[in-house]
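These are the residues of each chain, in order.
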Amino acid sequence: MRQFAVVGSGPAGFYTAEALAKAFGDKARVDIIDRYPVPYGLIRFGVAPDHQSLKAVSKRYDQVAESEGVSFVGNVTVGRDVSAKELLDLYDAVVLAIGAPHDRKLGIPGEDLPGVVGSAEFVGWYNGHPDFADLAPPLGGTHAVVVGNGNVALDCVRVLSKNRHEFEGSDIVGHALEALDGSDVRTVTILGRRGPHQISMTPKELGELGHLEAATPVVDAADFPPIEEDSALEPGHRKSITILREFASAGPDSSKPKRILFDFFAKPLRIEGDGKAERLLVERTMLDERGAAIGTGETYDVPASLVVTSIGYQTPRIDGVPYDDRGGKFANDHGLIADRLYAVGWARRGPTGTIGTNRPDGYEVAERIASAMPPGTDGGRGGGEGLTALLAKRGVRPTNFDDWHRIEAAEVAAARPGSPREKFVRQEDWLKVLGR
Ligand SMILES: Cc1cc2nc3c(=O)[nH]c(=O)nc-3n(C[C@H](O)[C@H](O)[C@H](O)COP(=O)(O)OP(=O)(O)OC[C@H]3O[C@@H](n4cnc5c(N)ncnc54)[C@H](O)[C@@H]3O)c2cc1C
């Protein structure tokens with residue numbers, strides 16, 4: 001019997017567990033360890049609450065968690081409750097699937113002013129992440145800025161722009177819904193250092209901005225290269241650019257009170273204000289021959305009492321695990337970090353790709369493990385039983401998948417009309433459902 005630990009219960013962790021269970025059948029036990037009693041990683045805490053259909057993938061993960069030989073071990077933080085070295089002593093292979101939950105910084109003056117938040121914080125706040133329940137982003141001003149030109153930036157812009165009833169059917173948490181309902185924000189500027197051809201936005205997410213009830217996109221036609229250059233783009237990307245061009249040629253819908261301003265070729269230099277964010281000093285850029293943004297020296301102010309930075313994420317370090325500083329992820333060679341220690345998902349590749357991109361990662365690493373220790377061999381390690389004993393000595397009480405189902409049932413029971421659930425936000429609320 002082989003014993004495997006997968007650390008992290010997001011997409012990458014679940015696909016790895018699924019692949020290991022398929023490769024080893026009843027010749028292995030797989031423990032999926034997560035710091036929280038609630039599974040699914042960014043499916044719960046990242047994917048936008050008004051994109052419910054995407055979250056249905058968790059049903060597939062449920063089948064993995066409930067399959068023979070697989071266990072969910074929640075409420076256990078690796079690096080705090082148990083070290084990576086201890087896991088390697090207990091398990092034949094350890095796969096780190098802890099994602100990349102930390103915001104990258106802009107690295108400009110004023111970034112620490114109140115009113116400046118990272119997208120992980122902002123997204124976590126409206127999605128019920130326990131670390132950001134108390135974020136209270138300032139929504140009392142009329143202008144907000146979102147820095148970044150990817151899909152996460154679009155999520156933030158859309159959430160800031162929707163009316164209350166446009167969240168019907170979503171699982172946005174109650175505290176965020178109330179705060180957004182009282183928001184005074186009327187203009188959201190979305191800032192990108194480069195131009196329309198350099199965006200990382202997909203057509204579906206961009207297209208949604210054209211169907212908002214109270215907000216209208218504003219795009220300057222002068223920002224585009226000649227239309228002939230679109231033909232060189234990959235088809236999906238070309239579709240996104242076509243949508244942006246349509247926004248530009250249609251012009252803003254004057255019947256809608258809110259504006260989403262696309263400000264391309266704009267590099268933030270400084271965030272300024274009297275004890276809190278009030279405006280961004282921005283430098284106009286242009287592209288050099290390699291496609292990099294270079295400053296033109298022309299500067300201007302963009303008003304903003306809320307600044308959301310959405311320029312990428314980093315994996316946190318775990319003691320004793322080699323780290324790639326530049327990439328902001330674990331140092332690895334095709335998923336291999338060190339003997340019997342692997343990384344998958346965002347902890348392996350950095351924060352790129354969709355939910356499905358994590359699947360091949362998990363399968364590839366499971367294959368590597370199966371060839372290093374073929375099914376039917378035995379490593380003689382303590383596995384889950386050893387972990388349980390170690391955690392008990394430290395006073396850590398793990399949760400299992402039945403516990404998650406109890407929390408989930410309580411969330412569904414607490415749902416407001418039209419919402420699939422009211423997420424419980426704090427660790428103590430989850431544990432209260434479990435009678436702890
Ligand atoms: C805001 C946002 C919106 C997105 N929207 C979409 C979308 O609409 N469609 C799409 O296809 N993709 C979307 N993505 C991308 C998708 O969410 C990722 O590709 C995917 O979640 C990455 O999976 P992962 O398993 O590597 O990391 P995660 O999903 O982050 O999972 C990591 C898990 O590890 C756990 N963990 C972390 N540290 C520890 C520790 N020390 N000990 C134990 N457990 C730990 C965490 O609790 C978490 O459960 C979005 C991403 C973001 C940030």
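A brief look at the structure comes next.

So, how was this worked out
Residues numbered from 1 in each chain as written. Predicted model: local features only at pLDDT ≥ 70, side-chain atom pairs only at ≥ 80, totals over all residues. Heavy atoms only, no water. Buried < 20%, exposed > 50% of the residue type's maximum accessible area, 1.4 Å probe, protein only. Helix = DSSP H or I, 4+ residues; strand = E, 2+ residues; numbered from the N terminus. Core = buried A, V, L, I, M, F, W, Y, C linked by side-chain atoms within 4.5 Å. Contact = heavy atoms within 4.5 Å. Near = heavy atom within 4 Å. Polar contact = N/O pair within 3.5 Å; in protein donor to acceptor, adjacent residues only side chain to side chain. Areas by Shrake-Rupley, 256 points an atom, 1.4 Å probe, with all protein chains shown as cover. Nonpolar A, V, L, I, M, F, W, Y, C, P; charged D, E, K, R; others polar. Arc of directions from axis to C-beta. Phe/Tyr/Trp six-rings, centres within 6.5 Å; stacked < 30°, edge-to-face > 60°. Pairing = 2+ DSSP bridges. Axes fitted to C-alpha atoms, helices over the stretch in contact; angles between N-to-C directions. Salt bridge = Lys/Arg side-chain N within 4 Å of Asp/Glu carboxyl O.

The next point concerns helix α7 (residues 151-161). For α7, the tally of buried residues reaches nine of 11 residues, placing the bulk of the element in the interior. Among all positions in α7, only A153, L154, D155, C156, V157, R158, V159, L160 and S161 are buried.

Time to look at the nonpolar core. Of all hydrophobic cores here, the largest spans 46 residues; its most connected members are L160, L206, L244 and F262. For this core, the secondary-structure elements that each account for two or more residues are α6 (119-126), β7 (143-147), α7, α8 (174-181), β8 (187-191), α10 (235-250), β10 (258-263) and β14 (306-309). F4, V6, I32 and I369 belong to the second-largest nonpolar core, a separate cluster that totals 42 residues.

Here we take up the side chain of E422. Inspection of the secondary structure puts E422 in the loop between α14 (401-413) and α15 (427-433). Accessibility expressed as a relative area gives 17% for E422, which makes it buried. Leaving out residues up to four positions away in the same chain, E422 has contacts with V173, G174, E411, A414, A415 and R416.

Here we come to the site of the ligand. Taken together, 30 residues form the shell around the ligand, and within it A12, D34, L42, W346 and I355 come nearest. At 3.4 Å, a backbone N or O of G41 approaches an oxygen atom of the ligand. I355 places a main-chain nitrogen or oxygen 2.8 Å from an oxygen atom of the ligand. Burial of the ligand by the protein amounts to 92% of the accessible area it has alone, namely 1000 Å². Listing elements by their share of the shell around the ligand, those giving two or more residues are α1 (11-24) and α7. Across the shell around the ligand, the residue classes break down as 16 nonpolar, 11 polar and three charged.

Okay, α8 next. For α8, every residue scored as buried is listed here: A176, L177 and L180. Projected down its long axis, α8 carries its buried residues within an arc of 100°, all on one side. Of the surrounding secondary structure, the elements contacted by the buried residues of α8 are α6 and α7.

On to the packing of aromatic side chains. Per the stated rule, a full pass over the model turns up 14 aromatic pairs. Seen from their ring centres, F14 and Y40 are 6.2 Å apart, and the 40° between their planes marks the pair as tilted. Highlighted residues: F14 in helix α1 and Y40 in the loop between β2 (28-33) and α2 (42-45), separated in sequence by 26 residues. Under the relative-accessibility criterion, F14 is labelled buried at 1%. On the basis of an interplanar angle of 90° and a centroid distance of 5.6 Å, the ring pair of Y40 and W404 is categorised as edge-to-face. Here Y40, found in the loop between β2 and α2, pairs with W404, found in helix α14; they are 364 residues apart in sequence, far enough to count as distant. Each member of the pair Y40 and W404 is classed as buried. Counting every residue linked through ring pairs, the aromatic cluster contains F14, Y15, Y40, Y61 and W404.

With that settled, consider the side chain of N75. Along the polypeptide, N75 turns up in the loop between β3 (70-73) and α5 (84-90). Each residue touching N75, except ones within four places of it in the same chain, is listed here: D34, R35, Y36, P37, D81, V396, R397, P398, T399, Q427, L431 and R436.

Another point: the environment of R259. In this fold, R259 is placed in strand β10. Along the sequence, R259 and A215 sit 44 residues apart, while their C-alpha atoms lie 5.4 Å from each other. Those residues in contact with R259, other than ones at most four positions away along the chain, are R186, T187, V188, T216, V218, P252, D253 and S254. In terms of polar contacts, R259 uses its side chain to reach the backbone carbonyl oxygen of K256, at 3.1 Å.

As summarised here, the arrangement of the six strands in space is β6-β14-β7-β8-β10-β9, forming an open sheet in which the pairing is parallel. Because the sheet does not close on itself, it has two edges, and the strands there are β6 (116-118) and β9 (215-218). Between one strand axis and the next, the sheet turns by 20° as a mean value, whatever way the strands run. On the sheet, α7 packs against β7, β8, β9, β10 and β14 and is oriented at approximately 175° with respect to β8.

Counted under the stated rule, the structure contains 34 salt bridges. Put simply, R348 and E364 hold a salt bridge, and the shortest N to O gap is 3.2 Å. Residue R348 is located in helix α11 (residues 346-349), and its partner E364 is located in helix α12 (residues 358-372); the two are separated by 16 residues in the primary sequence. Judged by relative accessible area, which is 9%, R348 ranks as buried. Among the charged side chains, a network of salt bridges with common partners joins D50, D155, R158, K162, K204, E205 and E208.

Pairing geometry for β8 and β10, over five bridges, is parallel. When the bridges of β10 are listed, T187 appears paired with R259. Relative to β10, β9 runs parallel, the two sharing four bridges. Counted as the bridge partner of V218 is L261 from β10.

This next bit is on the environment of R397. Of note, R397 is situated in the loop between α13 (383-393) and α14. Separated by 251 residues in the primary sequence, R397 and V146 have C-alpha atoms spaced 40 Å apart. For R397, the residues in contact, after removing those within four places along its chain, are N75 and R436.

Our focus in this paragraph is the sheet that holds strand β19 (residues 341-343). Within the open sheet, the six strands sit side by side as β3-β2-β1-β4-β19-β18. Their pairing is mixed. Every other strand in the sheet has two partners, leaving β3 and β18 (336-338) as the edge strands with one partner each. Strand after strand, the sheet turns through a mean of 25° between neighbouring axes, direction not considered.

Purely geometric stuff here, so don't read any function into it on its own.
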